[in-house]
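Structural overview for review
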Amino acid sequence: DGGITQSPKYLFRKEGQNVTLSCEQNLNHDAMYWYRQDPGQGLRLIYYSQIVNDFQKGDIAEGYSVSREKKESFPLTVTSAQKNPTAFYLCASSIAGTTNEKLFFGSGTQLSVL
Amino acid sequence: RKEVEQDPGPFNVPEGATVAFNCTYSNSASQSFFWYRQDCRKEPKLLMSVYSSGNEDGRFTAQLNRASQYISLLIRDSKLSDSATYLCVCRVTGYSTLTFGKGTMLLVSP
């Protein structure tokens, strides 16, 4: 079955530590996205990529980094510079270039600070 | 500025009731609109796109009012399984990304 897979489901970060969230898709989608969701809040865009080896900052990119070396993979690193990393992180993908494109989401990673 | 506003609720309704949510958007260049459903601690899933002429999918009806810059979602004959948060989503012309509202929580009780 085609889909988008995030891992791990739960992740704990120690102060000063960088952690990487995995996102893999086998939908052959060009575009991939990372969102952050805080309790009672909407999804806020961290980074997105519309093509391999290219990515763009979203609304809240500070303290995060990404790479897009393969079409299938779009890992997100939460760096020590992100002072409030506790949140639910959602990865999504879509077929880029259409106005009514549907976003397919992974099941999310809950990141907490120890 | 890209902004999408929703009443956070919760909307508490009995089974079988009809309930409607509204969502307003501030950017008149918004061109595409969607409703997503999100269950607690789960990923959002597309419920339906919203078309200019309005559209219906079973018990769900979506409407768009460009003049007043709002979209609506009507749910008829509410089921317990409709309990979730409903996210209003817009795409602005020229932007390749979507803007999400904070969501409206619906609780359907027996």
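1. Some details on the overall build of chain B
Within chain B, the secondary structure is distributed over zero helices and eleven strands. Taken over the C-alpha trace, chain B has a radius of gyration of 13 Å; the compact-globule value for 110 residues is 13 Å, and the two agree within 12%. Judged by the C-alpha coordinates and their principal axes, chain B covers about 45 × 30 × 20 Å. Within the span of chain B, comprising 110 residues, buried residues form 46% of the whole. Across chain B, every contact between residues at least 6 apart in sequence was considered, and the portion connecting residues at least 24 apart equals 58%. Accessible surface for chain B amounts to roughly 5,300 Å². Of this, 49% is attributable to carbon and sulfur atoms. Side chains of chain B carry 12 positive and 10 negative charges; the gap between the two charge centres is 7 Å.

2. Focus on the interface of chain A and chain B
In this assembly, 23 residues from chain A lie in contact with 20 residues from chain B. For the pair chain A and chain B, the two sides together bury roughly 1,700 Å², of which 52% comes from carbon and sulfur. Our count for the contact surface shared by chain A and chain B stands at zero salt bridges. Those elements giving two or more residues to the side of chain A that touches chain B turn out to be strand S4 (31-37), strand S5 (43-51) and strand S9 (87-94) of chain A. Ranked by residues supplied to the side of chain A that touches chain B, first place goes to S5(A) with four residues. A class-by-class count of the residues in the side of chain A that touches chain B yields nine nonpolar, eleven polar and three charged.

3. Let's talk about a nonpolar patch on the surface
Residues Tyr10(A), Phe12(A) and Leu114(A) make up a contiguous nonpolar surface patch of about 390 Å² in total accessible area. Looking at where Tyr10(A) falls in the secondary structure, it is placed in strand S2 (residues 10-13).

4. Considerations on the pattern of salt bridges
All names here are of chain B. Under the criterion given, the structure shown has seven salt bridges over all chains. A salt bridge links Lys79 to Asp77, with the nearest nitrogen and oxygen atoms 2.9 Å apart. For Lys79, a relative accessible area of 33% translates into the label partly exposed.

5. Considerations on the side chain of Arg13(A)
Residue and element names in this part refer to chain A. Note on placement: Arg13 falls in strand S2. Here Arg13 occupies a buried position and makes no salt bridge, while the nearest side chain of opposite charge, Glu15, is found at 7.4 Å. Here the side chain of Arg13 touches Gln17 through a polar contact of 3.5 Å, landing on its backbone oxygen.

6. Digging into the packing of aromatic side chains
Throughout the structure, instances matching the rule amount to twelve aromatic pairs over all chains. With centroids separated by 5.5 Å and ring planes inclined at 35 degrees, the aromatic side chains of Phe21(B) and Tyr86(B) adopt a geometry described as tilted. Within this pair, whereas Phe21(B) is found in strand S3 (residues 19-25), its partner Tyr86(B) is found in strand S9 (residues 84-92), the two being separated by 65 residues in sequence. Looking at Phe21(B), the relative accessible area reads 1%, which means it is buried. One residue, Arg41(B), lies across the ring of Phe88(A), its end atom 5.7 Å from the ring centre.

How each quantity is defined
Residues numbered from 1 in each chain as written. Chains lettered and ligands numbered in written order. Predicted model: local features only at pLDDT ≥ 70, side-chain atom pairs only at ≥ 80, totals over all residues. Heavy atoms only, no water. Helix = DSSP H or I, 4+ residues; strand = E, 2+ residues; numbered from the N terminus. Rg over C-alpha atoms; globule rule 2.2 N^0.38 Å. Buried < 20%, exposed > 50% of the residue type's maximum accessible area, 1.4 Å probe, protein only. Contact = heavy atoms within 4.5 Å. Areas by Shrake-Rupley, 256 points an atom, 1.4 Å probe, with all protein chains shown as cover. Lys, Arg positive; Asp, Glu negative; His and termini not counted. Charge placed at Lys NZ, Arg CZ, Asp CG, Glu CD. Buried area = accessible area lost by both parts, 1.4 Å probe. Salt bridge = Lys/Arg side-chain N within 4 Å of Asp/Glu carboxyl O. Nonpolar A, V, L, I, M, F, W, Y, C, P; charged D, E, K, R; others polar. Patch = residues over 30% accessible without salt bridge, like charges linked within 9 Å, V, L, I, M, F, W, Y side chains within 5 Å. Polar contact = N/O pair within 3.5 Å; in protein donor to acceptor, adjacent residues only side chain to side chain. Phe/Tyr/Trp six-rings, centres within 6.5 Å; stacked < 30°, edge-to-face > 60°. Lys NZ or Arg CZ within 6 Å of the ring centre and 35° of its normal.

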